[in-house]
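Single-letter residue listing:
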Amino acid sequence: MATHHALTLDLDIAPVELTPEALEAADRSQLLTALEQLGTDVNEMATGQAVADEGFDIVPMRDGWLRLGASPDGRLEAGWIADPRDPGSLLGETFLLQEAELDLNNLSLYRIDLDEGADHWLNVFRLHHREAYVAVGYRRDEPEPSRQGVVAGLYPDALVAGAEGNRIVFLQPDPERAGRTQAVVALLSGETEPEVVTTGDAAEISLAPTARRRWVTVEWGPRRSRHTGLLDVDAESPAVVPIELERQSAALVQVGSLEERDTLFVVVAGEQGWELYTSPLEPLPRSFTGAHLERLAEGHGTPFALAAGVEQALVGVRTKLADGGAEDLVLGVALPSGEVSEVRRSPGLLRLQSNTTLSRVGFSLVERVGARGITWFHSPDGAPLGGDAAGSDVPLQRGWGETTSRDGFRVRVDARWYGEDSTFRGPVALMLYGAYGLDLDLDSDPQLLEWLDRGWAVAAAQVRGGAGERHRQAIGSLRENSLADAEAVVRWLRSADGGIQADPLVVLGASAGGLQASVVAARCPDAVDAVIVVNGYVDPLGELQAAGAATAQADRNEWGDPEDPEVRRVLSRLSGPGLLARMAPAPAPAPRALVIVCGRDVRVDPRRGVAWALR
């Protein structure tokens, strides 16, 4: 039986003996106070800080290039510029995107969403120390923006919408059904009652803007069987029109302009590559099927992004190389001819996230090789205008390898390090996740440079439970598969069998990755030198049985029904007070551990992480 070390804290409200057993009995105020005295606050966000104090974001809008940055008094401001490569080429006065009267003592700007002409926008703020958000809608006026409305209690992916930019589409908890989410359309002015357009399990509905703000794409359902639909927010009775395709989970959807008509664009991944289809949006059918779509273009590779332009579409494609690596391409598709041309190719990652409007001035691509990025600007016909910065002079190595899990499954390992050598021997940080159909993206990780600049390599494993078909292979009672894959990667990194050999090895995991990290550290105490668990989902059976999280149903879809005997057997082995004792193959010193918990989290109860740390 595991030995528990008790720690008693003298608190103003009541003393709490922090043993794993006592944690369940502590109320939330006791727990939060205990955490404040037991640990170190790592939340260093500055109060009221709205934007970074250096540099600008350049965004292609409908009629020009928009520069976003900080005003002298620290507020968010924008201005039109003549040349995207020169942020100083202003075409007139700048205008503010944030009012002076807004009290930011308890708020931090989380994201901003602008309409096609930067005439209307939303500022989405997060309340400090709480997973709670407020959206404030504005209209451009001089000298200060005019506030159009405030919506509180929503999730952060709210969008300014409508042909006039006077509507908001957002997600909120269902006020009448715990664990459910509503997608809502409302006038920012609040003049009419908000309309609920669809409902679903928490964490299983998502919204995305299109290049035409009248239309919003809606996704719903568990990641292994996602559905996509299109919402006309200006309709008298807005409703989601489903897009029903044979290969639904592999589809990318946008709305653009073709021959001056709003047009649906769909890219589908097939066995041989990608295919681009279009369909007019008037008249709007009850649902879109293959019969409504016309194929315009096709090519090789796996599509990962789609953007719509004026008489043009951009398709991001990932292709495999002979050495086991991959590279990204962005292809331009001329419309209506369907002629395909290569716009840019990169051994790193290419991103199209800034192109969310129908721009007449061109488009931008963000290229990432490692954590350092460069933004490339292009004219509407795809001709390069140039970049905003030079790449890093430090050679960045991108390594790939494969190892075999205990049942023969081949697990891919992706790694980055600085240096001239194509192999690496030294300290390695292994980042783990492998759940909810998601993989970790090393090149977009904001902490990647922190490790690389200190001489470390950073690795990520494509374990079962991650993207694509691997997701189905580690849900419910199959959860052990992802853990076995992670253990195989740890053993491979410590061996001399591949191009990367770790000494020492640190394993990191957040949320669902925290479970992987904690189990691997317990199973491989001889191979792991330290483990970092950030808000770890380290007691899945306890979390599912408690059913108090807003995402309870989505979590059951991922981890399984705890009443199912096989699911319960698997999760019991991974959960509860004896986790470390059951996981360790033999008595061995436990790796050093850093446990970070969040006092308020939508999905993970912080007491689980504290209980794990005390063991």
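Residues numbered from 1 in each chain as written. Predicted model: local features only at pLDDT ≥ 70, side-chain atom pairs only at ≥ 80, totals over all residues. Heavy atoms only, no water.

### Brief notes about the side chain of Thr403
As for its position among the elements, Thr403 is in strand β31 (residues 396–404). What Thr403 contacts, discounting residues up to four positions off in sequence, is Phe409, Arg410, Val411, Ala488, Val489 and Trp492. (Helix = DSSP H or I, 4+ residues; strand = E, 2+ residues; numbered from the N terminus. Contact = heavy atoms within 4.5 Å.)

### Regarding the sheet that holds strand β4 (residues 65–70)
Sheet strands line up and pair through hydrogen bonds in the backbone, either parallel or antiparallel. On the basis of which strands lie adjacent, the open sheet formed by four strands has the order β3-β4-β5-β6 and antiparallel pairing. Among the strands making up the open sheet, the edge pair consists of β3 (57–60) and β6 (95–96). (Pairing = 2+ DSSP bridges.)

### Points about the pairing of strand β8 (residues 120–127)
Most of β8 sits out of view: six of its eight residues are buried. Inspection of the sheet shows strand β7 (residues 107–114) paired to β8 by seven bridges, in the antiparallel sense. Each residue of the ladder has a partner; that of Leu114, found in β8, is Trp121. Counting the residues between successive antiparallel strands, the hairpin from β7 to β8 contains five residues, one of them, Ala118, with a positive phi of roughly 60°. Where β8 and strand β9 (residues 133–139) come together, seven bridges link them in antiparallel fashion. Within β9, the residue paired with Trp121 across the bridge is Tyr138. (Buried < 20%, exposed > 50% of the residue type's maximum accessible area, 1.4 Å probe, protein only.)

### Considering helix α8 (residues 565–574)
Three or more residues of α8 are buried, namely Val567, Val570, Leu571 and Leu574. Looking down the long axis of α8, one finds its buried residues gathered within 90° of arc, a one-sided arrangement. Along α8, exposed side chains directed more than 90 degrees from the buried face belong to Pro565 and Arg569. Of the residues flanking the start of α8, the one acting as N-cap is Asp564, its side-chain oxygen 2.9 Å from the backbone nitrogen of Glu566. (Arc of directions from axis to C-beta. Polar contact = N/O pair within 3.5 Å; in protein donor to acceptor, adjacent residues only side chain to side chain.)

### Considering the confidence of the model for the chain
Counting all residues, the mean pLDDT for the chain is 81, and 80% of those residues have values of 70 or more. This stretch, residues 1–16, has a pLDDT under 50; its non-local contacts, to residues over four places away or in other chains, come to 32 contacts. Confidence drops under a pLDDT of 50 for residues 44–54, and excluding neighbours within four residues, the segment shows 21 contacts in the predicted structure. (pLDDT = per-residue confidence, 0-100.)

### Quick look at the nonpolar core
Nonpolar side chains in soluble globular proteins tend to be buried together. In terms of nonpolar packing, the biggest core is built from 31 residues, with Val428, Leu430, Val490, Leu493, Leu505 and Val507 touching the most fellow members. Among the elements of the structure, β32 (410–418), β33 (424–432), β34 (457–462), α4 (480–494), β35 (500–510), α5 (512–523) and β36 (530–534) are those that each provide at least two residues to this core. When sequence neighbours within four positions are dropped, the list of residues in contact with Val507 reads Leu430, Leu432, Val490, Ala517, Val528, Ala530, Val531 and Ile532. One finds Leu66, Ala78, Leu109 and Val134 within the second-largest nonpolar core, a separate group that totals 18 residues. (Core = buried A, V, L, I, M, F, W, Y, C linked by side-chain atoms within 4.5 Å.)

### Topic: the side chain of Glu367
Structurally, the position occupied by Glu367 is in strand β28 (residues 363–369). Buried and unpaired, Glu367 has Arg344 as its nearest opposite-charge partner, separated by 5.0 Å. Reaching out from Glu367, the side chain makes a polar contact with the side chain of Trp376 at a distance of 2.7 Å. (Lys, Arg positive; Asp, Glu negative; His and termini not counted. Salt bridge = Lys/Arg side-chain N within 4 Å of Asp/Glu carboxyl O.)

### Here we look at α5
Because the α-helix completes a turn every 3.6 residues, residues three or four places apart line up on one side. With 12 residues, α5 should reach 16 Å at 1.5 Å per residue; the first-to-last C-alpha distance of 17 Å fits that figure. The element α5 is extensively covered by neighbouring structure, given that 12 of its 12 residues are classed as buried. (Expected span 1.5 Å × (residues − 1).)

### Topic: the pattern of salt bridges
Under the definition given, this model contains 36 salt bridges. We note a salt bridge from Glu487 to Arg523, for which the minimum N-O separation is 3.6 Å. A residue pair is termed long-range when its members are at least 10 positions apart, and Glu487 in helix α4 and Arg523 in helix α5 qualify at 36 residues. Taken together, the shared-partner salt bridges connect Arg62, Asp63, Asp119, Arg140 and Arg360 into one network.

### Quick word on the packing of α4 against α5
Angle between the axes and distance between the axes: these two values describe a pair of packed helices. Closest axis-to-axis distance for the α4/α5 pair is 10 Å, and the angle between their directions is 55°. Judged by the angle between their axes, α4 and α5 are oblique. The two elements α4 and α5 meet at a crossing, and its hand is right-handed. Two secondary-structure elements touch here, α4 through Glu480, Ser482, Leu483, Ala484, Ala486, Glu487, Val490 and Arg491 and α5 through Gln516, Val519, Val520 and Arg523. Class assignment for the residues of the contact of α4 with α5 results in six nonpolar, two polar and four charged. (Axes fitted to C-alpha atoms, helices over the stretch in contact; angles between N-to-C directions. Parallel < 35°, antiparallel > 145°, perpendicular 65-115°, else oblique. Left-handed = near helix turned anticlockwise from the far one by under 90°. Nonpolar A, V, L, I, M, F, W, Y, C, P; charged D, E, K, R; others polar.)

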